[in-house]
Structure formats: C-alpha cells, structure tokens
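So the chains spell out like this:
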Amino acid sequence: MNAIGVFDSGVGGLTVLKALKARWPAENFVYLADTARLPYGSKSLGTIHNYCTQNINYLLTFGLKAVVVACNSASTAILEKPLACSVPILNVVAPGARKAVEISTRQRIGVLGTRATVYSKAYVHAILRLSPDAMVTQAPCPLWVPLVEEGWIDDPITNLIIYRYVGAILKHQIDTIILGCTHYPVLRNSIVKVVGSEVALVDSSLGLIEDLEKLKICNEEKSNIGKIKLLCTDFSPRMEETFRLLLAETEYDSLELIDLNAEHLG
Ligand code: DGL
C-alpha cells in the first residue's frame, strides 16, 4: 500500500487525519490509534518515545511514504530524541509553533497541551527559535481530553473547566493560543466563548499540511478514491462511536484491532 501513516495515542489524531484527507482526497492513509496505552500525555517522555518507536515500526510494514505524528505528546518525545527512519517523520509541534509566530500580532503566545507537552517546553523552544523576543505562557489542561472522549463538546461543565484552565494565562494579554493537543480543536467553540474572538486559535494541522505539501509526495488528484485504514490496539463499541463522532462525514474503509507486541517490532 502506498500511503501516508498517521498515529496518535487514540482517537484525537482523527482531527488531523480529517484535515489531511480533506486536502488530499485521493491519498491513502493508515491511521494507528494506540488506544490500549493511552493517555500518552500523563506519561514520561521516555515511555512515550518507546511507544512511538513501536508504532512507527508497525506502520512502516504498510509501505509508507511518510509518517505523521499527530499526537502532540508523541511529537515532543520525538523532537527531544529524533528517530532514524527510512521515510520522513513529520510532527505537529514545529508547524504549530511556526503558524502561531506568523499569526501573532504582538508575539504574546499561549500554549495549551497535556502535561507531557507542557513540561517538555517543546513549543516554547520552537517559538523562541523563530521569534526570540516572544512571550510564551503555557498551561496544561489534562481534563479536556476525557471531556472530548465523553462527547461533552459544547456543555456548560466543559465551558467552566475551560475557564478554570485558561483563566490564568489570559492575564498575560496573549493574542494567540496554540491548541497543542489533538483533542483541543474539537473544543474550539467553547474555547472561543472563554477567550473571546480577538484571540487567535492555532490548530497545528494547518502548518502540518504545508510541511507535507513541501515534500510533494501526496496524490494531488481531486477524485475521492483514496482509502482510510484504521488500526487500533484496543477496541470497544464506545470507541467506534467516538471514531465516527470525530471523523464526522469522512468515511473510513476498515477498522482493525492489532497487537503491537505480536510482530513487526524493531
Ligand atoms: N494525543 C494526545 C496529545 O495530543 C492527547 C491524548 C493523550 O494524552 O494521549 O497530546
């Protein structure tokens, strides 16, 4: 199969897959959701890095053109300790930081993410490399992932919890916020209610598409013939519901339960 591999700790990366599929409808995608081992965001970078190595080795057996690390926590682990690979590995942190620097009018940038992402300071380093005078304020928002998984997307409780996490960084007069976690773009409307429409929200998949375009490896035909193969390391009927909720009108061709420990390990 000639495809682009995408992986995430779970279903959140489907927001990235959806954006990629909308840009390249004729391309084939293999998406691996490491649902047996999620969440990644509360784990150490060393553990996350080991998971990334296994995921990538498994995905490479599909004959890929590139691997997209859709998970922010996984992207930070790979940035900290790059992996040698026969195909390009793209992450979401570098393009997310670049987009924020481009969009921000006063270079006062907020970063929201999991604890792994925030504590690694990967976004802070990437922003300061591009804009040394930028002021970057971070906040981990660990409760947002379960809220999205629960489907409490535009809910008064969710809005309150968003306020609780974001209130502190708003004091720093930030003009741009990076949604540094796969699940957060799903909460965009609720986040806007809290931060106001004058604060720009950056979804890293925008910049990721530019990075992939530069490689010129994706099928540019416009006819919708590409296949989406979904793989997961644990399966429950509830999970399939969440897959459908996050992919919305984007159809997938197959969903398969895999065992990363059984084979293909590097
Ligand atoms: N995919 C993760 C991320 O973007 C969020 C979910 C998790 O913690 O596994 O950081």
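Everything below is about the structure printed above this text.
All of the points below concern the structure found in this document.

Cut-offs and rules
Residues numbered from 1 in each chain as written. Predicted model: local features only at pLDDT ≥ 70, side-chain atom pairs only at ≥ 80, totals over all residues. Heavy atoms only, no water. Helix = DSSP H or I, 4+ residues; strand = E, 2+ residues; numbered from the N terminus. Rg over C-alpha atoms; globule rule 2.2 N^0.38 Å. Buried < 20%, exposed > 50% of the residue type's maximum accessible area, 1.4 Å probe, protein only. Contact = heavy atoms within 4.5 Å. Lys, Arg positive; Asp, Glu negative; His and termini not counted. Charge placed at Lys NZ, Arg CZ, Asp CG, Glu CD. Salt bridge = Lys/Arg side-chain N within 4 Å of Asp/Glu carboxyl O. Core = buried A, V, L, I, M, F, W, Y, C linked by side-chain atoms within 4.5 Å. Axes fitted to C-alpha atoms, helices over the stretch in contact; angles between N-to-C directions. Parallel < 35°, antiparallel > 145°, perpendicular 65-115°, else oblique. Left-handed = near helix turned anticlockwise from the far one by under 90°. Nonpolar A, V, L, I, M, F, W, Y, C, P; charged D, E, K, R; others polar. Disulfide = S-S within 2.5 Å. Pairing = 2+ DSSP bridges.

## A look at the overall build of the protein chain
If you tally the helices and strands in the protein chain, you get eleven helices and ten strands. For the protein chain, the C-alpha radius of gyration of 18 Å lies close to 18 Å, the compact-globule estimate for 266 residues. The proportion of buried residues among the 266 residues of the protein chain is 56%. Excluding contacts between residues fewer than 6 apart, the proportion of contacts in the protein chain whose partners are at least 24 apart in sequence is 77%. Mean positive and mean negative side-chain charge positions of the protein chain (25 and 27 charges, respectively) differ by 6 Å.

## A short note on the pattern of salt bridges
Between side chains of opposite charge, a pair can form when the charged atoms approach closely. Per the stated rule, a full pass over the model turns up 15 salt bridges. Its salt-bridge partner being Arg23, residue Glu220 comes within 3.0 Å of it at the nearest N-O pair. Pair noted here: Glu220 is in the loop between helix H10 (205–215) and strand S9 (228–232) and Arg23 is in helix H1 (residues 14–23), with a separation of 197 residues, a long-range link.

## Section: the environment of Ser42
With respect to the helices and strands, Ser42 occurs in the loop between strand S2 (29–33) and helix H2 (45–60). For the pair formed by Ser42 and Arg115, sequence separation is 73 residues and the distance between their alpha carbons is 6.0 Å.

## Side note on the nonpolar core
Membership of the largest hydrophobic core comes to 50 residues, with the highest contact counts inside it found for Leu20, Trp144 and Ile177. Leave out the neighbours within four places in its chain, and Ile177 touches Gly110, Leu112, Val166, Ile169, Val195, Val199, Ala200, Leu201 and Val202.

## Some words on the packing of helix H4 (residues 93–103) against helix H6 (residues 122–130)
Geometrically, a packed helix pair is captured by the angle between its two axes and the distance between the axes. Interaxial distance between H4 and H6 falls to 9 Å at its minimum, and their mutual angle equals 50°. Taken together, the axes of H4 and H6 are oblique relative to one another. As for the relative orientation of H4 and H6, their crossing is right-handed in sense. Contact residues: H4 offers Val93, Gly96, Ala97, Arg98 and Val101, while H6 offers Ala122, Tyr123, Ala126, Ile127 and Leu130. Within the contact of H4 with H6, the residues separate by chemical class into eight nonpolar, one polar and one charged.

## Some remarks on the state of the cysteines
Here a disulfide denotes a covalent bond joining the sulfur atom of one cysteine to the sulfur atom of another. Scanning the model with the defined rule gives zero disulfides in all. Cysteine Cys52 shares no disulfide, and the gap to the nearest cysteine sulfur, in Cys71, comes to 7.1 Å. Accessibility expressed as a relative area gives 0% for Cys52, which makes it buried. The thiol sulfur of Cys181 is not disulfide-bonded, and the nearest other cysteine sulfur, from Cys71, lies at 7.3 Å.

## Concerning the packing of H1 against H10
Where H1 contacts H10, the axes come no closer than 10 Å and their chain directions differ by 45°. Considering the angle they form, H1 stands oblique to H10. Seen from above, H1 lies across H10 with right-handed handedness. In this structure, H1 uses Val16, Ala19, Leu20 and Arg23 to contact H10, whose residues at the interface are Ser205, Leu208, Ile209, Leu212 and Glu213.

## Details of the sheet that holds strand S1 (residues 3–8)
Reading across from one edge, S4-S3-S1-S2-S9-S10 is the order of the six strands in this open sheet, with parallel pairing throughout. The sheet is open, and its two edges are formed by strand S4 (89–91) and strand S10 (254–257), each paired on a single side. Here the average twist between neighbouring strands, direction ignored, is 20°. Two elements, strand S3 (residues 64–69) and S4, share three bridges in a ladder whose sense is parallel. Residue pairing for S4: Val67 is matched across the bridge by Ile89.

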